[in-house]
Amino acid sequence: MKALIIGSGAREHAIADALASSGSELYGFLSNRNPGIYRQCMEFTVGSVTDAQSIKKFAEKTRPDLAVIGPEAPLEAGVADELLKIGIACFGPSKALAQLETSKSFTRQLLEKYRIPGNPKYRIFGNKSSESEIKDFMNELGKFVVKPDGLTGGKGVKVSGEHLQSSEDAVAYCNDILRTHSNVIVEEKLDGEEFSLQSITDAETVVDCPPVQDHKRAYENDEGQNTGGMGSYSDSNHLLPFLKREHVEQAHEITEKTAKALKQEIGTYRGVMYGGFMLTKKGVKLIEYNARFGDPEAMNVLPLLKTSFAEICRAAAEGELRKAKAEFERKATVCKYVVPKGYPENPVTGRIDIPEKTRALRFYAAVREQDGIIYTTRSRAAAFVGIADTIENAERIAEQAACMVRGETYHRRDIGTRQLLQKRVQHMASLK
Ligand code: AMP
Ligand code: GLY
């Protein structure tokens, strides 16, 4: 099978590996010369992944059997719509279906309309809403979060008591958002532990990958700014230390019902529905959906696939997922990202030496290769994934590899350590 990959981060490197190891011939439309991807491609080009017309032209020339769209930006730009027009099957939803990620108000309203459990208390405000309406709702909630209605890279969310010290602050932030977005969402602040459930679907069948927990904060002990994700882990029993089977089932049910609701509202969703869920004392709640694999979470689950990833993508894209086999090894994984010093606010760019031979899997992220030398760009540089029977052993493998990187970089040593896992379990136990 000829597969076209769109995107060039570590997630797409993991997708490329999984497609290549299931026998696909790869073609790449990349935003960076990522050496982990372009070296595996029969042909590749570097361009803007939101330029749907250029991607269509590249696809017309290379005629892939399937396109796999990695990031959210090309989904929002309607790349799947353009490729479907020229008869190329897509693993990744149309622009309209990608609203699942690109419009938080769409998703909250969809769950409400179809009576799907998982929504926190929320309200959507627009330019016509009055300040007193907004304030009244904030008072009703007590603790709340404010988020822009659109793609923000996880960085636009502000929490009362943390980023927003008073209701004046909060209303001012809503007004700020409304200058650039048509809606702002105010919702109940949930308390609990977050987990990612990435489900592959063709709207009829929903296949879950093992649940993963990501770490958004830049520094150890969950301090510092929010980032795209500094690392993540999964467990050999396909649960998490704080998460039981029944919780995964609750999340699965939310995703299954949402896929059916989308089909009634818009059409058949083909690709990944990645639920960012929170386990609370009152059960599983939905923070948001993403319309793609997680980055880093893809790197925890794709290397565990025992069955053909290419076949799963093709089956999902053609509406035959029920016929495909998806089995994951019962192993634990720990992924650690190495990022430039100063990331996410003021990342330095420069040469980086990434070890070739370690016991960990290695994925290149936002780096570019020039004359055999690898340079960081402004985002995460490389990720290492340890795979073992226990999270502890997987952590050691990932940590050892991350320590071997040379350059102006840092990583979080605490991801996957017993101490941090215990903190998560204790947090869950302490909730009232
Ligand atoms: P989002 O952009 O919706 O993924 O939000 C980014 C992050 O903000 C999430 O990963 C959560 O950590 C936090 N967050 C978003 N919504 C809520 C909420 N209702 N309660 C508590 N935390 C939230
Ligand atoms: N891990 C966060 C994301 O992929 O959005």
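Preceding block: the structure.
Computed from a predicted structure; not experimentally measured. Sequence order as written defines residue numbering, which begins from 1 separately in each chain. Ligands are numbered from 1 and chains lettered from A, in the order in which they are written. Predicted model: local features are reported for residues with pLDDT of at least 70 only, side-chain atom pairs are reported and counted for 80 or more only, and whole-chain, interface and lining totals are derived from all residues. Heavy atoms from the whole structure form the basis of all side-chain values; hydrogens and water molecules are not counted.

A. Geometry of the side chain of His238. Numbering of helices and strands runs from the N terminus, with a helix taken as a DSSP run of H or I at least four residues long and a strand as a DSSP run of E at least two residues long. In this fold, His238 is placed in the loop between β15 (231-234) and α10 (245-265). Residue class for His238 comes out buried when judged on its relative accessible area of 12%. We call two residues in contact when some of their heavy atoms are within 4.5 Å. With near-sequence residues (within four places) excluded, His238 lies in contact with Pro210, Pro211, Arg245, Phe328, Glu329 and Arg330. Each residue gets one of three labels from its accessible area relative to the maximum for its type: buried under 20%, exposed over 50%, partly exposed in between, using a 1.4 Å probe on protein chains only.

B. Quick peek at the pattern of salt bridges. The salt bridge definition used is simple: a Lys or Arg side-chain nitrogen within 4 Å of an Asp or Glu carboxyl oxygen. A full pass over the atoms with the stated rule returns 36 salt bridges. Where Arg314 meets Glu318, a salt bridge forms, and the shortest distance between an N and an O atom there is 2.3 Å. Here Arg362 makes a salt bridge to Glu356, at a shortest N to O gap of 3.1 Å. What makes Glu356 exposed here is its relative accessible area of 55%. Overlapping salt bridges bring together Glu193, Asp222, Arg412, Asp414, Lys423 and Arg424 as one network.

C. A look at the site of ligand 2. We call a residue near a molecule or strand whenever a single non-hydrogen atom of that residue lies within 4 Å of it. In the region of ligand 2, the neighbouring residues are Asp214, Gly228, Tyr274, Asn290, Arg292, Gly294, Asp295, Pro296 and Glu297. Polar contacts, as counted here, are pairs of nitrogen or oxygen atoms within 3.5 Å of one another; within protein the pair requires one atom able to donate a hydrogen and one able to accept it, and residues that are adjacent in sequence qualify only if both atoms are side-chain atoms. Residue Asp214 places a side-chain N or O atom 2.9 Å away from a nitrogen atom belonging to ligand 2. Here an oxygen atom of ligand 2 and a side-chain polar atom of Arg292 are 2.9 Å apart. Protein chains bury 88% of the 200 Å² of accessible surface belonging to ligand 2 in isolation. Broken down by class, the residue content of the shell around ligand 2 amounts to two nonpolar, three polar and four charged. Note on areas: these come from Shrake-Rupley sampling with a 1.4 Å probe, and a residue is covered only by the protein chains present in the view. Side-chain classes follow a simple rule in which Ala, Val, Leu, Ile, Met, Phe, Trp, Tyr, Cys and Pro form the nonpolar group, Asp, Glu, Lys and Arg form the charged group, and the remainder, Gly included, forms the polar group.

D. Helix α14 (residues 418-430), seen in detail. Along its 13 residues, α14 runs 18 Å from first to last C-alpha, staying within 8% of the 18 Å computed at 1.5 Å per residue. Three or more residues of α14 are buried, namely Leu420, Leu421, Arg424 and Met428. Seen from one end, α14 has its buried residues packed into an arc of 105 degrees, which puts them on one side. Relative to its buried face, α14 has exposed residues pointing more than 90 degrees away, namely Gln419, Gln426 and Ala429. Close packing links the buried residues of α14 with β10 (193-201), β12 (213-214), β15, β16 (271-280) and α13 (391-403). What a helix should span is 1.5 Å times the count of its residues minus one. Arc definition: directions from the helix axis to the C-beta atoms.

E. Structural view of the sheet that holds strand β8 (residues 158-159). Spatially, β6-β9-β7-β8 is the arrangement adopted by the four strands of the open sheet, whose pairing is antiparallel. Because the sheet does not close on itself, it has two edges, and the strands there are β6 (122-125) and β8. Here five bridges tie strand β7 (residues 144-148) to strand β9 (residues 184-188), and the two strands are oriented antiparallel to one another. Residue pairing in the sheet places Val146 in a bridge with Val186 of β9. The axes used here are C-alpha line fits, helices contributing only the stretch in contact, and every angle between their N-to-C directions lies in the interval 0 to 180 degrees. With respect to the sheet, helix α7 (residues 104-113) is in contact with β6, β7 and β9, its orientation differing from that of β6 by roughly 135 degrees. On top of the sheet, helix α8 (residues 131-141) reaches β6, β7 and β9; it is set at about 165 degrees to β6, its chief contact. Think of it this way: DSSP has to see at least two bridges between two strands before they count as a pair.

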